[in-house]
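Structural overview
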Amino acid sequence: MKILADTHIPYLKGVAEQFGKVEYLPGNQFKKETIKEKDALIVRTVTHFDEEILSGSSVKLICSATIGYDHIDTEYCDSHNIAWRTAPGCNANSVEQYVTASLLYLEDKYNFDLKEKTIGIVGVGNVGSKVEVACRKLGVRVLLNDPPLVETMHALSFTNKTGHISSLQHRFVDLETIKRESDIVTFHVPLTKTGKHKTYHLADNYFFDTLGKKPFIINSCRGSVVDNRALKKAIRSEKISGTVVDCWENEPNIDTELLQMVDIATPHIAGYSADGKWTASKMSIENLKDFFQFNVTPKFQELPPPLYPVIDLREIPVEKQLAYAVWQTYNPMVETKNLKENPEKFYWFRSNYPLRREYGAYKISAADTLVSEVLKKLGFM
């Protein structure tokens, strides 16, 4: 079997070879001629896989080491017997780490107390639910919005005839409530351009014009969920208090004016922890194995430890310990500085991302008792 894999997907080399002959290319070199004779592709979101690139090829399976699939023309694939698989939930903890680090940065920069704020989480799937749990551990009041999920639960409540699912529905509010009551709004939805609950430009001029407060806006899902022009207008007119942008419209050719306006600006790497990447690669390999029914138990590489696995809080003031510990695992301001100074390197920053481990790879030393409890709940050792 012939496999073409994105060379920038880590933890594949030496593993994918257990299933056939593997060729590695950068994602932007996945073209009609390079995929033509391949049986399977292991990809990221760099290339759009549609009729133009797939027609006339031997491709039977596309494994995307991502949670989303808007880079795959699923309708074309389904009608031409090309199977496609994603890695749902693979980077949920990583995105939560990103959002938590960003919230603590905004708290520090703008001198407010997160415990006195309300966050509206739009999209409560694998990622949004992780963000919800973390925010509750930080003491933030949480509002949830996910109309498709509520509709699914409503349908199940009739089928199961139990009160449990019905009670869960009451945890959710409509988007108008999110806009009216939230001090922070964070988006965790897939990108959909049609249908009853389309998310393309969900945050548009109307969204920003009808906000009840001046919230902080966080987008770490898909660039076009937030209309970037409308976002710039909202920043200029001071309808929002600050902005965190990881996902941009027209990547990698992002709006450099918007780039300089936001508080935190990163090159679509919220889900790029080593742990999340390892899980995505593992899920891709397992999808490959299951689809082609290989009788092989794949062996996976072990994750490297962080450079400084012990975080010593002995000299850190108690009120700074929580943020300091989280930022030792991930500090979004390092990437913000790099991207603002070198926007043309957007793709390079993504493709050459340094090792980032999640909380569980770190041990905390000398933390205040109350801080220690929060850190343990977040996942630190």
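Quick summary incoming for the structure in this document. (Residues numbered from 1 in each chain as written. Predicted model: local features only at pLDDT ≥ 70, side-chain atom pairs only at ≥ 80, totals over all residues. Heavy atoms only, no water.)

Moving on, we get to the overall build of the protein chain. The number of helices and strands found in the protein chain is 16 helices and 13 strands. The C-alpha atoms of the protein chain give 21 Å as radius of gyration, which agrees with the globular expectation for 381 residues (21 Å, within 12%). Projected onto its principal axes, the C-alpha coordinates of the protein chain cover approximately 55 × 50 × 50 Å. Taking all 381 residues of the protein chain together, the buried fraction comes to 51%. Here the analysis covers contacts within the protein chain between residues at least 6 apart in sequence; of these, 64% occur between residues at least 24 apart. For the protein chain, the exposed surface amounts to about 17,900 Å²; the carbon and sulfur share of it is 50%. (Helix = DSSP H or I, 4+ residues; strand = E, 2+ residues; numbered from the N terminus. Rg over C-alpha atoms; globule rule 2.2 N^0.38 Å. Buried < 20%, exposed > 50% of the residue type's maximum accessible area, 1.4 Å probe, protein only. Contact = heavy atoms within 4.5 Å. Areas by Shrake-Rupley, 256 points an atom, 1.4 Å probe, with all protein chains shown as cover.)

Side chains of residues three or four places apart in an α-helix project in the same direction, reflecting 3.6 residues per turn. Along helix α10 (residues 228-236), the residues that are buried comprise N228, A230, L231, K232, A234 and I235. As for α10, its buried residues are in contact with α9 (205-209), β10 (242-245) and α11 (256-261). Sitting at the head of α10, D227 places a side-chain oxygen 3.0 Å from the backbone nitrogen of R229. Once α10 ends, the next one or two residues include E238, with phi positive near 60°. (Polar contact = N/O pair within 3.5 Å; in protein donor to acceptor, adjacent residues only side chain to side chain.)

Here the focus is the pattern of salt bridges. Under the defined criterion, the tally for this structure stands at 23 salt bridges. The salt bridge involving E176 is made with K179; its shortest N-O contact spans 3.1 Å. Residue E176 and its partner K179 are both found in helix α8 (residues 175-181); the two are separated by 3 residues, about one turn of the helix. Given the relative accessible area of 37%, E176 is considered partly exposed. (Salt bridge = Lys/Arg side-chain N within 4 Å of Asp/Glu carboxyl O.)

Membership of the largest hydrophobic core comes to 49 residues, with the highest contact counts inside it found for Y98, L103, I119, L322, V326, L375 and F380. The contact partners of F380, leaving out residues within four places of it in the chain, are I311, A325, V326, T329, Y359, Y362, I364 and L375. If you look at the next biggest cluster of nonpolar residues, it comprises 30 residues, including L143, I178, V185 and L231. (Core = buried A, V, L, I, M, F, W, Y, C linked by side-chain atoms within 4.5 Å.)

Strand order in this open sheet of 5 strands is β2-β1-β3-β4-β5, and the pairing throughout is parallel. The strands lining the two open edges of the sheet, one partner per strand, are β2 (21-25) and β5 (83-85). With strand direction ignored, the average angle separating the axes of adjacent strands in the sheet is 15°. Strand direction decides the pairing type here: strand β4 (residues 61-64) and β5, joined by 3 bridges, are parallel. Bridging from a neighbouring strand, L61 pairs with A83 of β5. (Pairing = 2+ DSSP bridges. Axes fitted to C-alpha atoms, helices over the stretch in contact; angles between N-to-C directions.)

Following E251, the chain continues to P252 via a peptide bond in cis, the omega torsion being 0°. Looking at where P252 falls in the secondary structure, it is placed in the loop between β10 and α11. One non-glycine residue with positive phi stands out, namely E238, at about 60°. Looking at where E238 falls in the secondary structure, it is placed in the loop between α10 and β10. In this structure, Q293 takes a positive phi of about 55° despite not being glycine. Looking at the secondary structure, you find Q293 in the loop between α12 (274-292) and β12 (310-312). Of the residues examined, Q293 reaches a relative accessible area of 70% and is grouped as exposed.

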